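# Results of the structural survey
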Amino acid sequence: MKYPPVHYHNYLEIEKLLSAQHPKSVEYGKPAHDELLFIVTHQTYELWFKQILFELNSVLETFQKSQIQEEEMGRASARLERIVSILKLIIGQVDVLETMTPLDFLDFRDMLYPASGFQSYQWRLIETKLGLRLGDRLAYNQSPFYKSLSPEQQTEMEEILNKPSLFDAVEKWLERTPFLQAENFNFWETYQKAVNGMFQDDINTVKNNPRLNEEDKAKNVAGLEASLKTFDALFDEKAFNELRAQGHFRLSYKALHAALLIQLYRDQPILQTPFRIIRALLDIDETMTTWRYRHALMAYRMLGQKIGTGGSSGHKYLADATSKHKIFTDFFNLTTFFIPRSQVPALPKSIADRMNFHY
């Protein structure tokens, strides 16, 4: 089939794209030079959010299947890594926006009430589809976050909140991981002994540290013992579920075991792609947190303690959201229980062979 010629300008609809900036300062007869920069930067954010959602929806579709082909796993991993690259890029856009000084921003800020970045529907979609639950969010002006959206968007968001997120789909995928229980494979028992030994070594190191006073020693030992208690729950399903009900864990007992197995034996060929997926999810959470943090610092730099244009507490709200709005926290916390590679229990040959590729 022969396709008709396409012109760059028409294909990208450049005219429409370049005519979508309408500074309020110009409309009100008080042109502010930096308002164009402000508009272009935020429009660029929204274009990248569109691409992130495109990739995220395709990954979500893959993980919602009861069986996932290996080639699909590779594509999903690559698309999650693409999302990470985009998020890193938009963090860099803060540097461009910060070339605008606070006084430059104040030239047009009052013309933007009550518009706010909090009203970005696409960003809220990204968070929600990844798995940020309503109860895990900060209230916005004493209301659920979606109340700042348009009525149509509110309806759509409520529907999406009731659908399985990528977190939910990944949890079910992890629960299907083979090798968790195998005949003549006492991995968990051996691993538990190794981690208990590691914690005990740390406790002894603290107790014998001449640079710490007794109060500091007691605090450090108490923290290590609390971590050890949490670790013990990884091998007691009833205790684990009690801690999970209290909010210490979000993943199920079986899914957390699978994530730990994948991390510890990531060099096994069959676990390399699952490891890349877990790492990409960690990277997404981390880069989203970094972007929120840069946004909070920028708001503080531009506005000090002023309230946001949308009525939030400005910098304080953004800073609090940075620490609270996490999704894959369990993957981060798992590193508490990692041990040196040299101490990881060896796999039985029968299982190692099954994890390998044979031709």
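Located above this text is the structure these notes cover.
Below is a summary of the structure that appears in this document. Residues take numbers from 1 onward in each chain, read along the sequence in its written order. Note on the predicted model: pLDDT of at least 70 is required for a residue's local features to be given, and 80 or more for side-chain atom pairs to be given and counted; whole-chain, interface and lining totals, by contrast, use all residues. Only hydrogens and water are set aside when side-chain values are computed; all heavy atoms of the structure are taken into account.

Within the chain one finds 17 helices and zero strands. When its C-alpha atoms are laid out on the principal axes, the chain stretches across 75 × 70 × 35 Å. Partly exposed residues are those whose accessible area sits between 20% and 50% of the maximum for their type, while under 20% is buried and over 50% is exposed, using a 1.4 Å probe and protein chains only. Considering the chain as a whole, with its 359 residues, one finds that 44% of them fall into the buried category. Throughout, a residue-residue contact means that at least one pair of heavy atoms, one from each residue, lies within 4.5 Å. Expressed as a percentage of contacts within the chain between residues at least 6 apart in sequence, the contacts between residues at least 24 apart total 75%. Runs of E in the DSSP output that reach at least two residues are strands. Runs of H or I that reach at least four are helices, and both are numbered from the N terminus.

This next bit is on the side chain of Arg-292. Tracing the backbone through its elements, the reader meets Arg-292 in helix α14 (residues 272-303). Residues in contact with Arg-292, not counting those within four places in the same chain, are Trp-123, Glu-127, Ala-321, Thr-322 and His-325.

Let's shift gears to unusual backbone geometry. With an omega of -5°, the peptide bond running from Tyr-113 to Pro-114 counts as cis. Among the structural elements, Pro-114 can be located in the loop between α6 (102-109) and α7 (121-130). The residue Glu-13 is not glycine, and still its phi comes out positive at about 50°. On the secondary structure map, Glu-13 appears in the loop between α1 (8-11) and α2 (14-18). Among the residues examined, Glu-13 registers a relative accessible area of 41% and is labelled partly exposed.

A cluster of acidic residues, Asp-232, Asp-236, Glu-237 and Glu-242, forms a negative patch on the protein surface. Examined against the element boundaries, Asp-236 turns out to sit in the loop between α11 (214-233) and α12 (237-245). On the basis of relative accessibility, which here comes to 38%, the residue Asp-236 falls in the partly exposed class. For patch building, the residue pool is restricted to those with more than 30% relative accessible area and no salt bridge; the joining distance is 9 Å between like charges and 5 Å between nonpolar side chains (Val, Leu, Ile, Met, Phe, Trp, Tyr). Method for areas: the Shrake-Rupley scheme with a 1.4 Å probe, in which residue coverage is limited to the protein chains shown. Salt bridge, as used here, is a side-chain nitrogen of Lys or Arg placed within 4 Å of a carboxyl oxygen of Asp or Glu. Here the positive residues are Lys and Arg and the negative ones are Asp and Glu; neither His nor the chain ends is included. Lys charges are placed at NZ, Arg charges at CZ, Asp charges at CG and Glu charges at CD.

Of the grid points, spaced at 1 Å and generated over the protein atoms alone, those admitting a 1.4 Å probe that cannot get out make up cavities, while open sets with protein on both sides within 12 Å along at least five of seven lines make up pockets; any residue with an atom within 4 Å of a point is treated as lining. Grid points are joined across faces, edges and corners, and a volume is the space filled by probe spheres set on the points. Applying the stated criterion across every chain yields a total of one cavity of 30 Å³ or more. A volume near 30 Å³ is recorded for the largest cavity. Every residue lining the largest cavity is listed: Phe-249, Leu-256, Asp-330, Asn-333, Leu-334 and Phe-337.

By themselves these figures say nothing about function.
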